[in-house]
Amino acid sequence: QDPISESENLRQIMSPTLSAFLENLSPPDPLVFGFWKVPNEKCEDICYGAIASGYRRLDCACDYGNEVEVGRGIARALKDGLCTRSELFVTSKLWNTYHSPEHV
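The structure displayed is predicted, hence computed values, not measured ones.

The rules we used
All residue numbers refer to positions counted from 1 along the written sequence of the respective chain. Totals for whole chains, interfaces and linings use all residues, but because this is a predicted model, local features are given only for residues with pLDDT of at least 70 and pairs of side-chain atoms are given and counted only at 80 or more. Think of the side-chain values as coming from all heavy atoms in the structure, minus any hydrogens and water. Any two strands with at least two DSSP-identified bridges between them are counted as paired. Secondary structure follows DSSP: runs of H or I at least 4 residues long count as helices, runs of E at least 2 residues long count as strands, and numbering of each begins at the N terminus. Lines fitted to the C-alpha atoms define the axes, with helices restricted to the stretch that makes contact. Angles between their N-to-C directions range from 0 to 180 degrees. Patches draw on residues past 30% relative accessible area with no salt bridge. Two like charges within 9 Å are joined, as are two nonpolar side chains (Val, Leu, Ile, Met, Phe, Trp, Tyr) within 5 Å. In these tables, accessible area is a Shrake-Rupley quantity obtained with a 1.4 Å probe, and a residue counts as shielded only by the protein chains included in the view. When a carboxyl oxygen of Asp or Glu lies within 4 Å of a side-chain nitrogen of Lys or Arg, that pair is called a salt bridge. For each residue, the accessible area found with a 1.4 Å probe, counting protein chains only, is set against the maximum for its type, and the residue is called buried under 20%, exposed over 50%, and partly exposed in between.

1. As for the sheet that holds strand E3 (residues 89–91)
Okay, step 1: Pairing is parallel in the open sheet, where three strands are placed in the order E1-E2-E3. Every interior strand has two partners, whereas the edge strands, strand E1 (32–34) and E3, have only one. Ignoring which end each strand starts from, the neighbouring axes of this sheet average 20 degrees apart.

Laid out in structure tokens, this is it:
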């Protein structure tokens with residue numbers, strides 16, 4: 001079967017709640033701004049600028065070392081009314097050695 005038919009078959013057997021959740025999970029704009037290698041001292045402004053430029057999907061990770069600065073850029077953009085929190089899709093990744101509750 002082709003992937004589209006497979007997807008439709010899966011939706012037919014899923015609960016309506018799960019199906020609605022998955023449909024709303026996908027952001028309308030696939031463009032992603034990644035923060036790997038963005039220097040900490042510039043990261044807040046770069047994050048703010050990315051949101052001001054229309055990015056709504058932000059790729060972060062603990063390993064990038066700049067999550068605090070990304071958070072500040074997001075907070076500033078929200079405060080200035082550039083978008084709402086519900087319009088942002090923030091992805092973060094957690095290194096396998098940090099899965100215990102005190103690290104999450």
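2. Overview of a nonpolar patch on the surface
Okay, step 1: Taken together, the side chains of Leu94, Trp95, Tyr98 and Val104 present a nonpolar region at the surface, about 430 Å² in accessible area.
Okay, step 2: Take Leu94: it is sitting in the segment after E3.

3. Considerations on the pattern of salt bridges
Okay, step 1: A full pass over the atoms with the stated rule returns three salt bridges.
Okay, step 2: Notably, a salt bridge pairs Arg76 with Glu44, separated by 3.2 Å at the nearest N-O pair. Pair noted here: Arg76 is in helix H4 (residues 67–79) and Glu44 is in helix H3 (residues 40–52), with a separation of 32 residues, a long-range link.
Okay, step 3: Glu44 gets classed as partly exposed once you look at its relative accessible area, which sits at 26%.
Okay, step 4: The salt bridge partner of Arg76 is Asp45, with a shortest N-O separation of 3.0 Å. In this pair, Arg76 sits in helix H4 while Asp45 sits in helix H3, placing the two residues 31 residues apart along the sequence.
Okay, step 5: Overall, the relative accessible area of 49% leaves Asp45 in the partly exposed class.

The quantities given are spatial measurements derived from coordinates; they are silent on function.
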